[in-house]
Amino acid sequence: MIKKTLIALTCIVTCAVMVQAATPEEYNKVFNEAIGLCSVYKKKCTIEVIEHPKMWAQTGADARIQVSTELLRRMNEAQVRGAIFHEVGHAVMEHVETTSEHIAIQKLNGTFDQEKLYEYMRVNEYRADRFAVLAGFFTFRNVDLKGALTILTPPEEYYNQHKTHPSTADRIKAIDNIFRGF
Ligand SMILES: [Zn+2]
């Protein structure tokens with residue numbers, strides 16, 4: 001049996017760039033926007049701040065979003081919105097749940113392939129990025145996902161080991177392409 005709670009969609013990182021950090025008032029406003037955005041999709045999202053020295057945000061089963069204190073300390077309001085709206089994308093598209101189902105079905109069929117799973121998860125990252133950018137666009141809110149990703153940028157060897165996420169360069173390229181069709 002697969003424990004959904006073990007599969008969390010994570011964006012972990014280390015970094016040295018400092019920006020004007022969002023104030024508690026600003027990031028609480030972003031949290032409220034995110035919860036409102038979830039409710040549009042009939043999802044009851046919760047957002048929990050976790051005291052942690054590394055920058056990350058993740059979404060577990062049942063739309064449980066977690067964000068680290070270090071991320072909030074380093075990102076400005078638009079970047080926090082980028083990171084949190086990305087997590088909202090994972091929550092409303094039920095990426096944790098569908099990933100669990102994907103694994104279960106592939107295992108049942110005897111066709112489970114770790115590389116294919118990573119590919120599936122990377123597609124979900126692009127989808128969550130797209131969701132965040134478009135949510136900002138359509139609600140007239142400043143979403144600086146590219147800025148957030150740049151701050152989060154982990155070394156390339158991280159991506160070689162953690163194939164669950166595309167490289168930052170590929171994600172930024174995909175974000176730049178979102179408005180090409182508009
Ligand atoms: Zn993600």
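Residues numbered from 1 in each chain as written. Predicted model: local features only at pLDDT ≥ 70, side-chain atom pairs only at ≥ 80, totals over all residues. Heavy atoms only, no water.

**Looking at the overall build of the protein chain**
Item 1. Along the protein chain, the regular secondary structure elements total eight helices and four strands.
Item 2. When the helices and strands of the protein chain are read in sequence order from the N terminus, they spell out β-α-β-β-β-α-α-α-α-α-α-α.
Item 3. Burial statistics for the protein chain: of 182 residues in total, 47% are counted as buried.
Item 4. Partitioning the intrachain contacts of the protein chain with sequence separation of at least 6 by distance along the chain shows that 69% fall at a separation of at least 24.
Item 5. For the protein chain, the exposed surface amounts to about 9700 Å²; the carbon and sulfur share of it is 55%. (Helix = DSSP H or I, 4+ residues; strand = E, 2+ residues; numbered from the N terminus. Buried < 20%, exposed > 50% of the residue type's maximum accessible area, 1.4 Å probe, protein only. Contact = heavy atoms within 4.5 Å. Areas by Shrake-Rupley, 256 points an atom, 1.4 Å probe, with all protein chains shown as cover.)

**Regarding the state of the cysteines**
Item 1. Scanning the entire structure with this criterion turns up one disulfide.
Item 2. Two residues, Cys 38 and Cys 45, share a disulfide whose sulfurs are 2.0 Å apart. With the S-S bond torsion at -85 degrees, the cross-link from Cys 38 to Cys 45 turns out left-handed.
Item 3. Overall, the relative accessible area of 0% leaves Cys 38 in the buried class. (Disulfide = S-S within 2.5 Å.)

**As for unusual backbone geometry**
Item 1. Residue Lys 42 is not a glycine yet carries a positive backbone phi of 60 degrees.
Item 2. You can call Lys 42 exposed: its relative accessible area is 77%.
Item 3. Positive phi, normally seen in glycine, also occurs at Glu 94, with a value near 50 degrees.
Item 4. If you trace the backbone, Glu 94 turns up in the loop between helix H3 (77–92) and helix H4 (95–109).

**Some words on the nonpolar core**
Item 1. Of all hydrophobic cores here, the largest spans 36 residues; its most connected members are Leu 71, Met 75, Val 80 and Val 88.
Item 2. Counting residues per element, this core draws most heavily on H3, which supplies seven residues.
Item 3. Setting aside anything within four residues of it in sequence, one finds Val 80 in contact with Ala 22, Tyr 27, Val 30, Leu 71, Leu 72 and Met 75. (Core = buried A, V, L, I, M, F, W, Y, C linked by side-chain atoms within 4.5 Å.)

**A look at the pattern of salt bridges**
Item 1. Within this structure, the stated rule accounts for 13 salt bridges.
Item 2. In this structure, Glu 77 and Lys 29 form a salt bridge, with 3.0 Å as the shortest nitrogen-oxygen distance. With Glu 77 in helix H3 and Lys 29 in helix H1 (residues 24–40), the pair connects residues that are 48 residues apart, well separated along the chain.
Item 3. Taking relative accessible area as the criterion, Lys 29 reaches 40% and is therefore assigned partly exposed.
Item 4. Glu 33 serves as the salt-bridge partner of Arg 141, at 3.1 Å between the closest nitrogen and oxygen. Of the two residues, Arg 141 sits in the loop between helix H5 (114–138) and helix H6 (145–152) while Glu 33 sits in helix H1, which places them 108 residues apart along the sequence.
Item 5. A relative accessible area of 15% means that Glu 33 is categorised as buried. (Salt bridge = Lys/Arg side-chain N within 4 Å of Asp/Glu carboxyl O.)

**Quick notes on the packing of aromatic side chains**
Item 1. In total, this model carries four aromatic pairs according to the counting rule given.
Item 2. Where Phe 137 meets Phe 179, the ring centres are 5.0 Å apart and the plane angle is 50 degrees; that geometry is what we call tilted. Of this pair, Phe 137 sits in helix H5 while Phe 179 is found in the segment after helix H8 (168–178), placing the two residues 42 residues apart along the sequence.
Item 3. Judged by its relative accessible area of 43%, Phe 137 is partly exposed.
Item 4. Overall, Phe 179 belongs to the partly exposed group, its relative accessible area being 33%. (Phe/Tyr/Trp six-rings, centres within 6.5 Å; stacked < 30°, edge-to-face > 60°.)

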